[in-house]
2 protein chains.
Amino acid sequence: MEAGATHEEPPRPRTGRPRADDRPLEREPREEIVAVASRLFAERGVAGTTMSEIARRSGLRQSSVYYYFRDKEAILEEILGSVNRVVLDQLARVNAEGGPPALRLYRLIRLDVLQLCAFPYDINEISRLSALQEERFARFWQERRALNRAVEELVREGIAAGELVDVDPRLAALTLLANDEATQNWHRPVGALGQLEDDGYEPEQVATFSADLAVGGLLRERARLAALRTEARERDPA
Amino acid sequence: MEAGATHEEPPRPRTGRPRADDRPLEREPREEIVAVASRLFAERGVAGTTMSEIARRSGLRQSSVYYYFRDKEAILEEILGSVNRVVLDQLARVNAEGGPPALRLYRLIRLDVLQLCAFPYDINEISRLSALQEERFARFWQERRALNRAVEELVREGIAAGELVDVDPRLAALTLLANDEATQNWHRPVGALGQLEDDGYEPEQVATFSADLAVGGLLRERARLAALRTEARERDPA
DNA sequence: AGCAGTTTCGATGCGTCCTTGAAACTTCCC
DNA sequence: GGGAAGTTTCAAGGACGCATCGAAACTGCT
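This is a predicted model, so every value here is computed, not measured.

## Some points on the protein's contact with DNA strand C
Phase 1 of the analysis: Neighbouring residues of DNA strand C: 25 residues in total, closest Gly16(A), Ser63(A), Ser64(A), Tyr68(A) and Gln62(B).
Phase 2 of the analysis: What you see for DNA strand C is that sugar and phosphate hold 63% of its atoms within 4 Å of the protein.
Phase 3 of the analysis: Note that a phosphate oxygen of DNA strand C is positioned 2.8 Å from one of the backbone N or O atoms of Arg61(A).
Phase 4 of the analysis: Within the side chain of Tyr66(B), one N or O atom sits 3.1 Å away from a phosphate oxygen of DNA strand C.
Phase 5 of the analysis: Along the lines of polarity and charge, the residues of the surface near DNA strand C split into 7 nonpolar, 10 polar and 8 charged.

Here it is as structure tokens:
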């Protein structure tokens, strides 16, 4: 992990008892488990995903997963640890680059939806689970609240600058972020909401449309929207 | 149930073995179960709700629930049977009353959000569950698709009439309805997303804001929005 | 060769929940 | 009063999934 050897690492023999399932492993077992679990959680929900299944798809036996994670929720914790971080980082970057609030808001929404399409999760179920174990998911909620405050501030700035119509910034932030989370409900790479014949819209289309709708609904001069869209796409290519 | 006696029905002695829990029952056991389950499903999810808990809150023992419903999902089926029906009925009424497409769209969104705030459910979990048993939830999805098509048509009309900007009606319908379902993610009468300090916005505020944002984002002349809002509120008082 | 460290396995205990079946207690009607 | 029908309870049967434990199978070093 320290020097060189970034490509074509020769499959150095792993220490420890060999697996019963002898598929060659592509990445670190821990990462593999997280990737597999992430997908399954989104597809079937946390409650609906068994440790057996996670193990099976990771090329392990059920009990071996416990070598890497204390329990199922430890896996979830790891997944949730990065979800909001990514968006918060993007936000920081967008704010650092500057530009009018409306543009920054547009960019953030678009990026948020793209991120959620790539790593979907059911905010609702997360919420229910974390209600049971507040401490364990404290960080997730803390970052989620930070995101809310940031969007709130963005809206506030936009109003002050005369770019956006006069709305309640807090209510707007809550609604905008909830809408982002909703998008992935029906636009899922796999499985869910398959009942909805969603015609396979690409994440890019979905993200752009969501941003258009949201910012379009807040902008005083709708004519500016096209310019915002163009600039956002240029600055944040997929 | 046939004639008169709509108020102050004397608690006519029920036939059958008396309950261990001797609270007087306010409504038909079946209805009581549905009401209780509906609340619990929204609060903890279907998977997270036990038949024991449903029974307990309905004043019954666990196994007695099976006298009324074959299994847990039969209760869910009953709940989902009405969820979309209500909105579809409202839509039919709105369309019958006529008026410009933008107004009808505004009214529908507002009513939809109000309905979802009153009877929240996790569309995501429903989707996962129904994927496992397609037939049982066929009606729900059928009606959900009808709703999608109706909104699509509304948007199409609005564009044709020159009221709305030129968007993909299908993508718009999917997004708008998903957004409605999102609102209840954070605006819950009880429990969920409590981590989000949502300042107790009233359903009316939430619904109006959602409709403002959505229709505002589609309307060519944003100046018309205030009038639409006023008229919608008059025609559909809470 | 042998010991230490690492990774995995198989078996098992435990708890939880769903579901069923037979019996108990009630009112209703003949 | 007695049988029929309706409603509920108690008790028990399964199924299933989480989590733990001790042992097994490997590498690497001495």
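From this point on, the discussion continues.
## Considerations on the packing of aromatic side chains
Each pair of aromatic rings is reported with the distance of its centres and the angle of its planes.
Phase 1 of the analysis: Counting across every chain of the model gives 6 aromatic pairs over all chains.
Phase 2 of the analysis: Taken together, a centroid distance of 5.1 Å and an interplanar angle of 90 degrees make the contact between Tyr67(B) and Tyr68(B) edge-to-face.
Phase 3 of the analysis: The exposure class assigned to Tyr67(B) is exposed, which follows from its relative accessible area of 68%.
Phase 4 of the analysis: Ring pairs connect the aromatic residues Tyr121(A), Phe140(A) and Trp141(A), which therefore count as one cluster.

## A short note on the protein's contact with DNA strand D
Phase 1 of the analysis: Surrounding DNA strand D, one finds 25 residues, the nearest of these being Gly16(B), Arg17(B), Ser63(B), Ser64(B) and Tyr68(B).
Phase 2 of the analysis: Counting only the atoms of DNA strand D that lie within 4 Å of the protein, the sugar and phosphate share comes to 68%.
Phase 3 of the analysis: A distance of 3.2 Å separates a phosphate oxygen of DNA strand D from a polar side-chain atom of Lys72(A).
Phase 4 of the analysis: Here Ala20(B) contributes a backbone N or O atom positioned 3.4 Å from a phosphate oxygen of DNA strand D.

## Focus: the packing of helix H9 (residues 203-218) of chain B against helix H10 (residues 225-235) of chain B
Residue and element names in this part refer to chain B.
Phase 1 of the analysis: Their axes nearest at 11 Å, the elements H9 and H10 cross at an angle of 140 degrees. By the angle class used here, H9 and H10 are oblique. Taken as a pair, H9 and H10 cross one another with a handedness that is right-handed. On H10, the residues touching Glu204, Thr208, Asp212, Val215 and Gly216 of H9 are Leu225, Leu228, Arg229 and Arg233.
Phase 2 of the analysis: Here the residues of the contact of H9 with H10 sort into 3 nonpolar, 2 polar and 4 charged.

## A word on the pattern of salt bridges
Phase 1 of the analysis: According to the stated counting rule, one finds 58 salt bridges over all chains in the structure shown.
Phase 2 of the analysis: Between Arg128(B) and Asp122(A) there is a salt bridge; the shortest N-O distance is 3.1 Å. In this pair, Arg128(B) sits in helix H6 (residues 123-132) while Asp122(A) sits in the loop between helix H4 (101-118) and helix H5 (123-132), so the two residues belong to two different chains. With respect to burial, Arg128(B) and Asp122(A) carry one shared label: buried.
Phase 3 of the analysis: One network of salt bridges, in which partners are shared, links Arg93(A), Glu97(A), Arg107(A), Glu231(A), Arg235(A) and Asp236(A).

Definitions and cut-offs
Residues numbered from 1 in each chain as written. Chains lettered and ligands numbered in written order. Predicted model: local features only at pLDDT ≥ 70, side-chain atom pairs only at ≥ 80, totals over all residues. Heavy atoms only, no water. Near = heavy atom within 4 Å. Polar contact = N/O pair within 3.5 Å; in protein donor to acceptor, adjacent residues only side chain to side chain. Nonpolar A, V, L, I, M, F, W, Y, C, P; charged D, E, K, R; others polar. Phe/Tyr/Trp six-rings, centres within 6.5 Å; stacked < 30°, edge-to-face > 60°. Buried < 20%, exposed > 50% of the residue type's maximum accessible area, 1.4 Å probe, protein only. Axes fitted to C-alpha atoms, helices over the stretch in contact; angles between N-to-C directions. Helix = DSSP H or I, 4+ residues; strand = E, 2+ residues; numbered from the N terminus. Parallel < 35°, antiparallel > 145°, perpendicular 65-115°, else oblique. Left-handed = near helix turned anticlockwise from the far one by under 90°. Contact = heavy atoms within 4.5 Å. Salt bridge = Lys/Arg side-chain N within 4 Å of Asp/Glu carboxyl O.

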